[in-house]
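# A look at the structure
As a plain string of letters, each chain reads:
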Amino acid sequence: MHPIPRIGFADWPACLDRCRRPHQQHYFSMYSSLLGGLVTDPVLMLLPADDHMVHRGDGIFETLKCVGGALYNLEAHLTRLRLSAGRIRLPVPWSSADLADIIAQTVHAGGRPEALVRVLVSRGPGGFGISPAECPAPALYVVAYAYPGSFMALHPGGARAVRSSIPPRTPPFSHLKSVNYLSSVLMKMEALDARVDFTLSFDEKGHLAEGATENAGIVTRGRRLQVPKPERILPGTTAHRVLELARPMIARGLLSAIEEADIPYAAVREAAELLIFGTTPDVTSVIEFDGRPVGDGKPGAAGFALNARLADDILHNAALRTPVF
């Protein structure tokens, strides 16, 4: 048995250097309220082991993106962050203006006008028990990291998906964007095993719920855009915006209606289009579900139009863009 070396403060820089890995090149910058500042060296982007977010999953988060040098739909993400915090009685002592400024400065420090941004608010460090009373104050972490681009821009032929065996979350957890994403991890493992892009969960009645980190909906053969009722899904900022952008498409005849509905498995199988909504995928057309073509097996007109409208909104809607560069 080899003795385990004891590492002191003086040894720490050399230890961090040994921890460098190729994937860290995709991490641009990080703000930590515990450090009281920003770091741009990935090996310094660390969280303490006694933070309750680490060992209890006691924290919340949001993921947004910077595109063309501006943060998109920041206010909607900050609103949902506070709603999640309220549901777990987690104080957020930073004002929305302060959070926006910290996020913008973090992204700017990373130097990339195209980036994903993870905002995490934790119960904070203070012990290894389960009681939140251990933690004197919450902690804030903001990380800017690589944005690969919209799914359809990278895969214009569309996506493939299968039904997940993992049940959707139930209220109040279905409406809470906490860091406890184990069920989502298991769903992503299913996708990797099946060699598809996404998995979609269905509730105990067989109704469509959501993906691992995405919302979903269908376009019926009667051109009705349907999304699941909200009880078993996380309200998505992208899905909400897409529904707003979809309304003018009714007058143009691309859609006949927009509605929340119970969407049974059979309706998904028979849909003209199956769509995925999310911060990273934007509007993604699923061309194959459970091994069968969706519609004619090609991205449909509604999905194509919605993705184009969203892309334009992201790049040109000044009301939803917060400049960083």
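First things first, this report covers the structure right here in the doc. Nothing here was measured: the structure is a model prediction, and the numbers come from that model.

## A look at the overall build of the protein
Check the secondary structure of the protein and you find 10 helices and 16 strands. The C-alpha radius of gyration computed for the protein amounts to 21 Å, which stays within 12% of the reference 20 Å derived for 325 residues, consistent with globular compactness. If you line up the protein on its principal axes, its C-alpha atoms span 70 × 45 × 40 Å. Residue burial in the protein is summarised as follows: out of 325 residues, 50% are buried. Long-range pairs, those at least 24 residues apart, make up 71% of the contacts in the protein between residues at least 6 apart in sequence. Total accessible area computed for the protein in this model is approximately 16000 Å², and 58% of it derives from carbon and sulfur atoms. Charged side chains in the protein number 33 positive and 32 negative. The centres of these two groups are separated by 2 Å.

## Here we look at the packing of helix 3 (residues 74–87) against helix 4 (residues 96–110)
Two elements in contact, helix 3 and helix 4, have axes whose closest approach is 11 Å; the angle formed by their N-to-C orientations is 120°. For the element pair helix 3 / helix 4, the angle class is oblique. Between helix 3 and helix 4 lies a crossing of right-handed hand. Side by side, helix 3 and helix 4 meet where Leu74, Leu78, Leu81 and Arg82 of the first sit next to Ser96, Leu99, Ala100 and Ile103 of the second.

## A closer look at the nonpolar core
The biggest cluster of nonpolar side chains holds 35 residues, and the ones touching the most others in it are Leu225, Leu255, Leu275, Phe277, Val283, Leu306 and Leu310. Non-local contacts of leucine 306, meaning those with residues more than four positions away in its chain, are made with Leu225, Val242, Ala246, Met249, Leu275 and Val283. Counting residues in hydrophobic clusters, the runner-up holds 28 residues, among them Cys66, Leu99, Ala115 and Val324.

Calculation criteria
Residues numbered from 1 in each chain as written. Predicted model: local features only at pLDDT ≥ 70, side-chain atom pairs only at ≥ 80, totals over all residues. Heavy atoms only, no water. Helix = DSSP H or I, 4+ residues; strand = E, 2+ residues; numbered from the N terminus. Rg over C-alpha atoms; globule rule 2.2 N^0.38 Å. Buried < 20%, exposed > 50% of the residue type's maximum accessible area, 1.4 Å probe, protein only. Contact = heavy atoms within 4.5 Å. Areas by Shrake-Rupley, 256 points an atom, 1.4 Å probe, with all protein chains shown as cover. Lys, Arg positive; Asp, Glu negative; His and termini not counted. Charge placed at Lys NZ, Arg CZ, Asp CG, Glu CD. Axes fitted to C-alpha atoms, helices over the stretch in contact; angles between N-to-C directions. Parallel < 35°, antiparallel > 145°, perpendicular 65-115°, else oblique. Left-handed = near helix turned anticlockwise from the far one by under 90°. Core = buried A, V, L, I, M, F, W, Y, C linked by side-chain atoms within 4.5 Å.

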